[in-house]
Amino acid sequence: MGFWVVILAGLITRYVCNKKRLGLFFLALTPVIDLLLLVVTATDLYNGAIATQVHAIAAIYLGVSIAFGKSLIRWADERFLYYVKKQGTKPAKKTGYAHARHSVKGALQHILAFFIGGGFLFAMIYLIEDANKTEALSQMLKLWALIVDLDMVISLSYFIWPRAEKSSSA
């Protein structure tokens, strides 16, 4: 949630208030907020809390924020300019092999996010040293690994079955 609040603040500051540097500052704060969330989560667990999916999501969120942050900001930036400021060209949907390459790039970013967030999950599991308290973290790590695998399989499938261009009827 903090990620999107800071991004929205950055975009509004950049394009509505025309303060590009201050907007960039807000956009650069996103990983800092995510790291703070993870520190609070780890402290809660270290102080005896039993891990839940919410604790696991904090690590996932940090991994995703770091791995996808720049591309998510670019994505939001393009859409904010077009749909809110009514400037620039409409963001185009990729088709064919361009879509396949874009999808694999996203899957590779997902793998990076998994290594970052999964590393934090593993570190919390290791530091807590109590399988009963960290079961939710272990289960989320397994589920996320499955999701990353499916993401890569689906992304690679676009090279076999590329996304077709939508035909425009007159």
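Residue numbers restart at each chain and count upward from 1, following the sequence in its written direction. In keeping with the model being predicted, local features are shown solely for residues with a pLDDT of at least 70 and side-chain atom pairs are shown and tallied solely at 80 or more, while totals for entire chains, interfaces and linings include all residues. Side-chain numbers come from the whole structure's heavy atoms, not from hydrogens or water.

1. Things to note about the confidence of the model for the chain
- Averaged over all residues, the pLDDT of the chain is 89; the fraction at 70 or higher stands at 96%.
- Averaged over each element, pLDDT in the chain is lowest for helix H1 (residues 2–15) (81) and highest for helix H6 (residues 135–160) (97). Values of pLDDT, which run from 0 to 100, indicate the predictor's confidence residue by residue. Under the DSSP-based scheme used, a helix requires at least four consecutive residues in state H or I and a strand at least two consecutive residues in state E, with every element numbered from the N terminus.

2. Looking at helix H4 (residues 53–84)
- Take the residue count of a helix, subtract one, and multiply by 1.5 Å to get its expected span. The terminal C-alpha atoms of H4 lie 35 Å apart, and with 32 residues this falls more than 12% below the ideal 46 Å at 1.5 Å per residue.
- The seven residues ending at a residue and the seven starting there each receive a fitted axis; the angle between those axes is the bend at that residue. Bending of H4 peaks at approximately 65° at the position of Phe68.
- Phi for Lys86, located one or two positions after H4, is positive at around 55°.

3. With respect to the nonpolar core
- If you look at the biggest cluster of nonpolar residues, it comprises 21 residues, and the most contacted ones within it are Leu38, Leu45, Leu121, Met124, Leu137 and Trp144.
- Looking at this core, the elements that each hand over two or more residues are helix H3 (30–46), H4, helix H5 (96–128) and H6.
- Element by element, the count of residues in this core is highest for H4, at seven residues.
- Filtering out sequence-adjacent residues up to four positions away, Leu45 remains in contact with Ile50, Ala51, His55, Met124, Ile128 and Leu137. The nonpolar core is taken to be a set of buried Ala, Val, Leu, Ile, Met, Phe, Trp, Tyr and Cys residues, with the residues joined through side-chain atoms within 4.5 Å. For every residue, the accessible area (1.4 Å probe, protein chains only) is compared with the maximum for its type, and the residue is labelled buried under 20%, exposed over 50%, or partly exposed between those bounds. Note on contacts: a residue pair is in contact if any heavy atoms of the two residues lie within 4.5 Å.

4. Concerning the environment of Tyr158
- Structurally, Tyr158 is set in helix H6.
- The spacing of Tyr158 and Gln139 is 19 residues in sequence and 29 Å in space, taken between C-alpha atoms.
- In this view, Tyr158 contacts His99, Ala100 and Ser103; residues no more than four positions away in its chain are not counted.

5. Details of the side chain of Ser155
- Turning to its location among the elements, Ser155 is positioned in helix H6.
- Polar contact is the term for a pair of N or O atoms within 3.5 Å; when the atoms are in protein, one must be able to donate a hydrogen and the other to accept it, and sequence-neighboring residues count only if both atoms are side-chain atoms. A polar contact is formed between the side chain of Ser155 and the side chain of Ser103, at a distance of 2.8 Å.
- Setting aside anything within four residues of it in sequence, one finds Ser155 in contact with Ala100, Ser103, Val104 and Ala107.

6. Observations regarding a positive patch on the surface
- A cluster of like positive charges, contributed by Lys70, Arg74, Lys94, Arg101 and Lys105, occupies part of the molecular surface.
- Breaking the positive patch down by element, the ones donating at least two residues are H4 and H5.
- Looking at the secondary structure, you find Lys105 in helix H5. A patch consists of residues exposed above 30% relative accessible area that lack any salt bridge, with like charges linked at up to 9 Å and nonpolar side chains (Val, Leu, Ile, Met, Phe, Trp, Tyr) linked at up to 5 Å. Only the protein chains shown count as cover for residues, and the accessible areas themselves come from Shrake-Rupley with a 1.4 Å probe. For this document, the term salt bridge refers to a Lys or Arg side-chain nitrogen within 4 Å of an Asp or Glu carboxyl oxygen. We treat Lys and Arg as the positive residues and Asp and Glu as the negative residues; His and chain ends play no part in the count. One atom stands in for each charge, and that atom is NZ of Lys, CZ of Arg, CG of Asp or CD of Glu.

7. Here we look at a nonpolar patch on the surface
- A cluster of nonpolar residues, Tyr97, Leu156, Phe159, Ile160 and Trp161, forms a patch on the protein surface that exposes about 570 Å² of accessible area.
- No other element matches the three residues that H6 contributes to the nonpolar patch.
- Take Phe159: it is sitting in helix H6.
- According to the relative accessible area criterion, Phe159 is partly exposed, its value standing at 33%.

8. Some points on the environment of Gly69
- Note that Gly69 resides in helix H4.
- Through-space distance from the C-alpha of Gly69 to that of Ala28 is 9.1 Å; in sequence the pair is 41 residues apart.

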